[in-house]
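Fold and geometry: a report
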Amino acid sequence: MATPSAQFTVMFLLIMFSIVLQPRILLAVEANDLDQGSSYLQFVYNATESPSEEVYDYIVVGGGTAGCPLAATLSANYSVLLLERGGVAFNDPNVLLEENVIANLLQTDDIDSPAQAFTSEDGILNARGRVLGGTSMINLGFYSRADENFYNESGIEWNMGIVKSSYEWVEDAIVTETDRINSWQMSVRRALLQSGIRPDNGLTLDHLQGTKIGGSTFDRTGRRHGAVELLNKAKKKNLRVVVHATVERVVFSSNTSLGLSAIGVVYRDTKGNSHVARIREKGEIIISAGALGSPQLLLMSGVGPRSYLSSLNIPIVYDQTFIGQFMADNPRNQITITPPFPLHDIGTRVVGITKSFYIETASDMVPFSSPVSPILFPDSYAPLNLTVLTIAEKVSRPLSTGSLRLASPTNASLTPIVRFNYFNDTRDLSQCANAMRAIGKMLMTPVMEQYKSMDQQGQRYFNFVGQALPQNQFDDEAMGEFCRKTLTTFGHYHGGCLAQRVVDSHLKVNGINALRVVDGSTFVITPGTNPQATVMMFGRYIGVKILEERKAN
């Protein structure tokens, strides 16, 4: 039987990192060579093609889950430059096809793979997107809107009418809703209901307590439609998207009458050449580089705690205590079983929602004939094929937080060093224990009997990959130990530029003009079961609000 560390490696690496290396795509592309979903490629360019200096109304740093809808929205009335450090994956089958989400090629690198692996100081392996479309191009595609608490506690000013229309703007373009789910998902749905996670809310995109089927960014044919396709909604003549562009710092100007203002950015291409992009009067720099990239860029630009910046010899532009602080990641714990029969079910469509935790699931047939087999199964033989079925819990609102610091004061391509301090607040550990007890109840439901194996004496049992649940699930100490040993992540980390601490209720950086942060780094808590729906809505929402501001002024 595999060890708990093998369980983590199997399920997290295979789900989160199953991406093959994508060759760089140098654009623009002829319009007649593109299908409707990739028409955005007509205005995507490699950074090596950029001029040494250029000027726009808005510069968006980060072509990810928030940056793509934000840039597309602003292009309706203004010129926009969207800068993405990664490449384009419009023809990469391991990125685009749901059947390849769990692939046998586990290639991540430090150069340009769509998924960039990193390990937090907590020792937990994680990933960040490094591709146009961001993490929406490497995740499992589950789509569900935010919970009410997210809006109430966010510190962000919301117009709920625009929130609703912004969700719909995203959903009309890239979200598929269907109540036709595979056999494993159907079994989990029934197990959730039979174990008491009710009511049955059917198919809905809203966050409702109970059991539901959500939407997906994979369509009925299994093709991914990530945030990148929201660029198809842009006004072509107003938007320039530049890939393989690593932004190194924001440029500032101090004017006695206007105060400190952002005026441009410096970015570098893959040949090492430096480029400067500036904004016009009334324009803005908008950082949408994610929960790791946004605080990293501010710190490298001289915005952050004075003592910390001084220790790295970074010239201080603005003393801001809270940048890089309050980093949080929702703990994920799970059980993984292999059924007594092959099951080629793929997809994530079902979730159980309670006030303190969520329960999700995943499955696939995983081949293990690759060179990584000894790593995945160090204590046993490596089977040629293995059906893995996982039921995982997510602590909905972790109270434990950590911080981020730079890996280098000058090299923006290095992932920052982050510690999330999982379970540092013991209330998070209690919530994990309660969630795993709920999964234990699910395993005892009649619908789960079919997934048990049988030994030579005729006894039925679950064949666990990794650690099984403690026999006495009422033993708090045993359950807490299980949670610590089986800790992984969904990759739903957030914080670092919190609203009301680093940015105001309109996402403007406190103390600096013409600079905003629009992404999950501003979130106090993660929105609902899965954040991608709300992050895409967020990009659209802030774009609409900015257009309204400009029109009013």
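Structural data are supplied above this passage.
Predicted model, so just to flag it, every value in this text is computed and none were measured.

Notes on the environment of V265
- By secondary structure assignment, the location of V265 is in strand β12 (residues 259–268).
- The class of V265 is buried, set by a relative accessible area of 0%.
- Considered as a pair, V265 and I285 are 20 residues apart in the sequence and their alpha carbons are 8.0 Å apart.
- In contact with V265, other than residues within four places in its own chain, are I59, V61, L83, V247, R249, V250, V251, H275, V276, A277 and I285.

Concerning the pairing of strand β10 (residues 239–243)
- With respect to burial, β10 is a largely interior element, five of its five residues being buried.
- Of the two faces of β10, the one carrying L239, V241 and V243 and the one carrying R240 and V242 are both buried.
- The pairing of strand β1 (residues 44–46) with β10 spans three bridges and is classified as parallel. Following the sheet pairing, Y45 is matched in β10 by V242.
- Relative to β10, strand β3 (residues 80–83) is paired through four bridges, and the arrangement is parallel. Bridging across to β10, L83 finds its partner in V242.

As for the pattern of salt bridges
- Inspection of the entire model under this criterion finds 18 salt bridges.
- The shortest N-O distance in the salt bridge between E168 and K164 comes to 2.5 Å. Highlighted residues: E168 and K164, both in helix α5 (residues 160–174), separated by four residues, approximately one helical turn.
- Using a relative accessible area of 30% as the deciding quantity, one classes E168 as partly exposed.
- For K164, a relative accessible area of 47% gives the class partly exposed.
- A single salt-bridge network, built from bridges that share partners, covers E121, R405 and R419.

The rules behind each value
Residues numbered from 1 in each chain as written. Predicted model: local features only at pLDDT ≥ 70, side-chain atom pairs only at ≥ 80, totals over all residues. Heavy atoms only, no water. Helix = DSSP H or I, 4+ residues; strand = E, 2+ residues; numbered from the N terminus. Buried < 20%, exposed > 50% of the residue type's maximum accessible area, 1.4 Å probe, protein only. Contact = heavy atoms within 4.5 Å. Pairing = 2+ DSSP bridges. Salt bridge = Lys/Arg side-chain N within 4 Å of Asp/Glu carboxyl O.

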